[in-house]
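Chain residues, written in single-letter form:
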Amino acid sequence: MDAIFLQLLNGLDKGSAYALIALGLTLIFGTLGVVNFAHGALFMIGGFCAVTVQMLLKLSTQVKDESIPGMEMMVDVPYLQVWWGDLGAQIISFAVPLSILLAIPLMLGLGVLMERGLIRHFYHRSHADQILVTFGLAIVLQELIKSFFGATPIPVPAPEMFNGSANIGEWLGLGAGISYPWWRLVYFCFSMVVIALVFAFLQFTTFGMVVRAGMRDRETVGLLGIHIERRFTIVFGIAVVVAGIAGAMYTPIVSPNYRIGMDFLVLSFVVVVVGGMGSLPGAVASGFLLGILQSFASMNEIKQLVPGIDQVIVYLVAVVILLTRPRGLLGRKGVMED
Amino acid sequence: MMNTLAKQDRWMLLGFALAVLAGPVLLKPFGAGYPDLLQKFCIFGIFAIGYNILFGLTGYLSFGHAAFLGLGSYTAVWSFKLLTMNVVPAIILSVAIAAVFGLLIGYLSLRRSGIYFSILTLAFAQMAYNLAYSVLTPLTNGETGLQLAKNDARTWDRFFGVPVVDGIPSTNFFGYSMVGYSGFYFCAVLLILSFYISIRITRSPFGLMLKAVKSNQNRLKYTGINTRSYALTAFVISGCYAGLAGALLAVTDPLAGPDRMHWSASGEVVLMTILGGVGTLLGPVLGAGVIKYLENIFSSFNEQILHGVFGFLPSAIEHPVIKVASLFVGEGWELTLGVLFLVLIIFVPGGLMQGINSLQRRLFPAPAHAGADATPGAH
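Cut-off values and rules
Residues numbered from 1 in each chain as written. Chains lettered and ligands numbered in written order. Predicted model: local features only at pLDDT ≥ 70, side-chain atom pairs only at ≥ 80, totals over all residues. Helix = DSSP H or I, 4+ residues; strand = E, 2+ residues; numbered from the N terminus. Rg over C-alpha atoms; globule rule 2.2 N^0.38 Å. Buried ≥ 20, exposed ≤ 12 C-beta atoms within 10 Å, placed from the backbone. Contact = placed C-beta atoms within 7 Å. Nonpolar A, V, L, I, M, F, W, Y, C, P; charged D, E, K, R; others polar. Expected span 1.5 Å × (residues − 1). Core = buried A, V, L, I, M, F, W, Y, C linked by C-beta atoms within 7 Å. pLDDT = per-residue confidence, 0-100. Axes fitted to C-alpha atoms, helices over the stretch in contact; angles between N-to-C directions. Parallel < 35°, antiparallel > 145°, perpendicular 65-115°, else oblique. Left-handed = near helix turned anticlockwise from the far one by under 90°.

## With respect to the overall build of chain A
What chain A contains, in helices and strands, is 15 helices and four strands. Relative to the compact-globule value of 20 Å for 338 residues, chain A shows a C-alpha radius of gyration of 22 Å, a close match. When its C-alpha atoms are laid out on the principal axes, chain A stretches across 80 × 50 × 35 Å. Within the span of chain A, comprising 338 residues, buried residues form 46% of the whole. A separation threshold of at least 6 residues defines the contact pool for chain A, and within that pool the share at least 24 residues apart is 74%.

Rendered as structure tokens:
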């Protein structure tokens, strides 16, 4: 029982990342009808926002080391620490959450620029062309990041207060054996908040209502005198922001390198398709479903029973679902079948 | 075999064959006249031609074709290990096994269309890749890749009394070693043969049916035609091409690793086909050539070579120019690929072939009868 609960928890953080990327992909697909292969690259850029913020906060100056008396030793101390002492050190350790402040405006700008400058010209082209242009863009973004930050993963630690593990088992009365790294818990809660915000935005605001109407029938909404394209541009921006902050917050779990986006993208596409193209709840549900299944499959007991299952489970589930439920879990009829 | 083709196709095939066979001479000025790279041009040309039979004709976008490439390589290496170093059984076995798996995967995947088909093929290929990495290690030798060893069985070679050499024998075609230029010419002949078959398929009634599947599948179904069997045949054929390409990779360098099945390898063949021109006959080969050229030549550039190229500039200009240019070469060759790709997709959606054709039309405003020759592959 404990072991099962532990695996459930382990699946959550990966599932959260899948769900956030898949949510953005589905938002873009549902509104603009574009399959965005650059979404993984945007997740990666979010991760490098965190790296940049960490680098900025850590800008250092040379200060005389006073821990060794009598020696003229110079050490690098970040400016923030020189100015504000311990408070400065605290701020530095909060690089990852702070990077969201950079990621939101940056990603929003990038998203709007991308939609206005590139994607817009591809609405009347085939899906294959859309896939290819975004794929090309992803390669370019990826290589640019590589040339600035290098090819090796850059570790970005979580804030110090979130080091160590939360003793979830004791809270829920399931035995003390179950502990879960604090930051993963934070990531899970964060993703739930983001998902809730996106849904609330679409469900309870006038803007969201118009967007939903536009997803249903764009022409009619246009006839009612609403400039739907402009709103879709903003939705695109929001989807990009979701991917970006998902990437920024994920950095303590997996150190970002320039390829991380592509690895996530392929799985996220499986997630989106399993959830059903164009269905937002489907994307979120299948994101968590596949994340959790993946973590169950990597249990030793199951691996002994079916060797290699941990390697293929996600794809196996995708195949089974697609063959039994033609449009994924919650998909609509006639979407992307031609 | 040529008189079975229409006149324009005959000339195209002849030109193609001459260009391929003269490859070592023609490509020398571009620094690509060495057998290793020429072999790659041929092999990936075959891969892309086969992929185009599925994607170009039927419109089914498979994202898992690298699985067949890897499968072909593994089969060929096993054939070298267990049977003989002769390449003929290796190639026949690889193509046969690729066909069997193509039938299986195609049968399941073609039950869906659109992006669902793409994801199904991707899922099968990724399963193959992940399994080759982990559980199938006894068959695939995992991350290291399957290699030849000195004490391999090679039963047929022993049976027929092929003289034993010291160390690992090289692959051969009835005694001709497949190293260097002979390897290239072997691949080149197979490339020309593959090209010929693809012309025949494209021009045949069967090819017309495939194009009909692409343009309006519903209509075809209403006329009482089972479209799936046509698509499946195309899938199996393109799987065989991929298996052949995989076998040739092993022939020229007897080593097979799981990386050949990775989704990025599947993506690469999509890029090749589209870069060259989807549905055209020559396009895929051209696309494969361009991508492999960039990968091999651009990635070998470094600052020193750039210095040689831009050395004539005054140093105040030279440094920034080299700085910018070095982003695009060496480690960053993929940036060149990405940019080239973006530019092509945005401005010339039909790929290189469309670019060449429209250039040709602009340079030589053709009289009416030449119109057919100006677009050899577009039909």
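On we go.
## What about the overall build of chain B?
Secondary structure summary: chain B contains 19 helices and four strands in total. Its C-alpha atoms give chain B a radius of gyration of 22 Å, within 12% of the compact-globule value 21 Å for 379 residues. A principal-axis box enclosing the C-alpha atoms of chain B has dimensions of 70 × 65 × 40 Å. With 379 residues in all, chain B has 46% of them scored as buried. Of the contacts made within chain B by residues no fewer than 6 positions apart, 76% connect residues no fewer than 24 positions apart.

## So, the interface of chain B and chain A
The interface is formed by 32 residues belonging to chain B together with 31 residues belonging to chain A. Of all the secondary structure elements, the ones that give two or more residues to the side of chain B that touches chain A are helix H6 (114-133), helix H13 (263-276) and helix H17 (333-347) of chain B. Top element by residues in the side of chain B that touches chain A is H6 of chain B. It accounts for 11 residues. The residue inventory of the side of chain B that touches chain A, partitioned by class, reads 22 nonpolar, seven polar and three charged.

## Regarding helix H14 (residues 283-297) of chain B
Since the α-helix turns once every 3.6 residues, residues separated by three or four places project in the same direction. Residues and elements named next belong to chain B. For H14, built from 15 residues, the straight-helix expectation of 21 Å at 1.5 Å per residue is met to within 8% by its first-to-last C-alpha distance of 21 Å. Taken together, the buried positions of H14 are Gly283, Pro284, Val285, Leu286, Gly287, Ala288, Gly289, Ile291 and Lys292. Looking at the buried side of H14, the elements it contacts are helix H3 (35-58), H13, H17 and helix H18 (351-363).

## A short note on helix H8 (residues 182-204) of chain A
Here H8 of chain A is 23 residues long and its end C-alpha atoms lie 32 Å apart, about the 33 Å a rise of 1.5 Å per residue gives. Looking at the buried positions of H8 of chain A, the neighbouring elements they touch are helix H1 (2-32), strand S4 (180-181), helix H11 (228-250) and helix H13 (280-297) of chain A.

## What to know about the environment of Val309 of chain B
Residue and element names in this part refer to chain B. Mapped onto the secondary structure, Val309 falls in helix H15 (residues 303-310). Looking at Val309, the number of C-beta atoms within 10 Å reads 14, which means it is partly exposed. For the pair Val309 and Ile322, spaced 13 residues apart in sequence, the C-alpha separation works out to 9.3 Å.

## Things to note about the nonpolar core
Core analysis: the biggest nonpolar cluster contains 211 residues, and Val270 of chain A together with Phe47 of chain B have the highest contact counts within it. Per element, the largest residue contribution to this core is 16 residues, and it comes from helix H12 (residues 227-252) of chain B.

## What about the environment of Ile199 of chain B?
Residues and elements named next belong to chain B. Along the chain, Ile199 turns up in helix H9 (residues 181-203). Residue classification places Ile199 among the buried residues on the basis of 23 C-beta atoms within 10 Å. Taking the C-alpha atoms as reference points, Ile199 and Leu71, 128 residues apart in sequence, are found 26 Å from one another. Residues in contact with Ile199, not counting those within four places in the same chain, are Leu5, Asp9, Leu13 and Leu281.

## Some thoughts on the confidence of the model for chain B
All names here are of chain B. For chain B, the mean per-residue pLDDT works out to 85, and 95% of the residues sit at or above 70. Here residues 370-379 is modelled with pLDDT under 50, and outside its nearest four sequence neighbours on either side it reaches 17 contacts, counting other chains as well. Interface confidence in the predicted complex, given as ipTM, is 0.81; pTM for the same model is 0.85.

## With respect to the packing of H13 of chain A against helix H15 (residues 309-324) of chain A
Residue and element names in this part refer to chain A. Running from N to C, H13 and H15 point in directions that differ by 150°, and their axes come no closer than 8 Å. On the basis of their axis angle, the class for H13 and H15 is roughly antiparallel. Crossing angle aside, the handedness with which H13 passes H15 is right-handed. Facing H13, whose interface residues are Leu290, Leu293, Gln294 and Ala297, H15 presents Ile309, Asp310, Ile313, Val314 and Val317.

## Description of the packing of helix H12 (residues 260-275) of chain A against H15 of chain A
Two measures define how a pair of helices packs: the angle their axes make with one another and the distance between the axes. Residues and elements named next belong to chain A. Relative orientation of the contacting elements H12 and H15 amounts to 25°, with a least axis distance of 10 Å. One finds that H12 runs roughly parallel with respect to H15. The handedness of the crossing between H12 and H15 is left-handed. The residues of H15 that touch H12, namely those facing Leu267, Val270, Val273 and Val274, are Val314, Tyr315, Val317, Ala318, Ile321 and Leu322. In the contact of H12 with H15, the residues fall into 10 nonpolar, no polar and no charged.

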